[in-house]
Amino acid sequence: MSEVITFIVAAAIIVIGAIGVVASRNPVHSALFLVQTLFGVAIIFLIQDANFLAAVQIMVYAGAIVILFLFVIMLLGVDKSEDLKIDPIAGQRPLAAVIGAALLGLGLTVVLIASDGVTGAVAVSGSDNALDNGLSDVERIGRVLFTDYAFAFEVTAALLTIAVIGAVVLTRRPVAAEMLPDRNPASLELPPLTPATDEEEH
Amino acid sequence: MELTTNWYLVLSIFVFSIGAVGLMVRRNPLVMFMSVELMLNSVNIAFVSLGTSLNDVGGQIAVFFVLVVAAVEVVVGLALIVAINRRHPDATADDLSTLRG
């Protein structure tokens, strides 16, 4: 019973946060509502004994990803709150509402109509990748991650490296523009980027 | 009253739908990204609960990889947003027409 209560509280936190992300005018509020949702998801992980994932969820998502969002929001200016009253593309919102309701209806139908929600091969009790093999959560994930999923794990390393390089390449200023002497010392603005210098970059 | 897998799946579907609507409605690219994060998180909930019901750690492994890919996606996506914003301040997702040569 206590599990049910915890689930309901966590679900309320998650759904309220999700609606807040979508409905906030100010992107900073959206980011903070996103943190709320991520904490709720961490609680959901804890209910299901996925302790490692709950910790990673908070460290990586709330600690890194949302902070990155906030950095970019601050970089681009906080004062740009969007006016949600106007609808620039006629019919966009009704259409989005219809598609969202359709998604919700389809998903709920699939889950609730099926008498036996989950089908598939149940892991052999006590085996390496079974949840009831007596190991701790971290040890179980570590064993499986570095045996069965070792290749995927290594590809992940390559992916992260590519992402870091990509972010650096995308956001650096063109070297040619930086080398130019500043003709107007009063302005600390970046020199305007011209398409020609950009093409030389690549 | 018992907590079954269906509860988690229903929650997951709700969050996914909210994220999808946000992605379609909002025009600020940052908020659109956050909506994508919502959808990724809803799938994570489904992964963990299905893994629990099948007594398999594979669901949690999948969530681990989703987390990595989400981090990568955010890094590259935000770099793109910063790069676009440097050239076109106040750019929104509606300004696709500037992609024409």
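Residues numbered from 1 in each chain as written. Chains lettered and ligands numbered in written order. Predicted model: local features only at pLDDT ≥ 70, side-chain atom pairs only at ≥ 80, totals over all residues. Heavy atoms only, no water.

### Things to note about the overall build of chain B
Then, number 1: From N to C terminus, chain B includes three helices and zero strands.
Then, number 2: Shown N-terminal to C-terminal, the secondary structure of chain B runs as helices and strands in the order α-α-α.
Then, number 3: In terms of overall size, chain B is more extended than a compact globule, its C-alpha atoms giving a radius of gyration of 17 Å where 101 residues would be expected to give roughly 13 Å.
Then, number 4: Projected onto its principal axes, the C-alpha positions of chain B cover 55 × 25 × 20 Å.
Then, number 5: Counting across all 101 residues of chain B, residues that qualify as buried make up 60%.
Then, number 6: Of the contacts formed within chain B by residues at least 6 apart in sequence, a portion of 63% connects residues at least 24 apart.
Then, number 7: When the accessible surface of chain B is totalled, it reaches about 3,900 Å², and 70% of it is carbon and sulfur.
Then, number 8: The distance from the centre of the 5 positive side-chain charges to the centre of the 7 negative ones in chain B is 17 Å. (Helix = DSSP H or I, 4+ residues; strand = E, 2+ residues; numbered from the N terminus. Rg over C-alpha atoms; globule rule 2.2 N^0.38 Å. Buried < 20%, exposed > 50% of the residue type's maximum accessible area, 1.4 Å probe, protein only. Contact = heavy atoms within 4.5 Å. Areas by Shrake-Rupley, 256 points an atom, 1.4 Å probe, with all protein chains shown as cover. Lys, Arg positive; Asp, Glu negative; His and termini not counted. Charge placed at Lys NZ, Arg CZ, Asp CG, Glu CD.)

### Points about the interface of chain B and chain A
It is common to report an interface's size as the accessible area lost on association of the parts.
Then, number 1: Counting residues at the interface gives 71 residues for chain B, matched by 89 residues for chain A.
Then, number 2: Summing both sides of the interface, chain B and chain A together bury roughly 7,200 Å²; the carbon and sulfur share of this comes to 75%.
Then, number 3: Among the residues of chain B in contact with chain A, Met34, Asn55 and Arg86 of chain B are the three that bury the most area, contributing 9% of the side total.
Then, number 4: At the junction of chain B and chain A, the tally comes to zero salt bridges.
Then, number 5: Between the two partners, chain B and chain A, sit seven residue pairs in polar contact (both at pLDDT 80 or more).
Then, number 6: Elements that contribute at least two residues to the side of chain B that touches chain A include exactly α1 (5–25), α2 (29–53) and α3 (58–87) of chain B.
Then, number 7: Broken down by element, the side of chain B that touches chain A gets its largest block of residues, 24 residues, from α3 of chain B.
Then, number 8: Class assignment for the residues of the side of chain B that touches chain A results in 46 nonpolar, 16 polar and nine charged. (Buried area = accessible area lost by both parts, 1.4 Å probe. Salt bridge = Lys/Arg side-chain N within 4 Å of Asp/Glu carboxyl O. Polar contact = N/O pair within 3.5 Å; in protein donor to acceptor, adjacent residues only side chain to side chain. Nonpolar A, V, L, I, M, F, W, Y, C, P; charged D, E, K, R; others polar.)

### A word on the pattern of salt bridges
Residues and elements named next belong to chain A.
Then, number 1: Summed over all chains, the structure comprises two salt bridges over all chains.
Then, number 2: A salt bridge links aspartate 137 to arginine 140, with the shortest nitrogen-to-oxygen separation between them at 3.8 Å. In this pair, aspartate 137 and arginine 140 are both assigned in helix α5 (residues 137–145), three residues apart and thus about one turn of the helix distant. Accessibility classification places aspartate 137 together with arginine 140 in one group, the buried group.
Then, number 3: For arginine 143, the salt bridge goes to glutamate 139, with nearest N and O atoms at 3.4 Å. Residue arginine 143 and its partner glutamate 139 are located together in helix α5, separated by four residues, close to a single helical turn.

### A word on helix α1 (residues 2–23) of chain A
Then, number 1: Taking 1.5 Å per residue as the helical rise, α1 of chain A with its 22 residues ought to reach 32 Å, and the 31 Å between its terminal C-alpha atoms agrees with that figure.
Then, number 2: Buried within α1 of chain A we find Val4, Phe7, Ala10, Ala11, Ile14, Gly17, Ala18, Gly20, Val21 and Val22 of chain A. (Expected span 1.5 Å × (residues − 1).)

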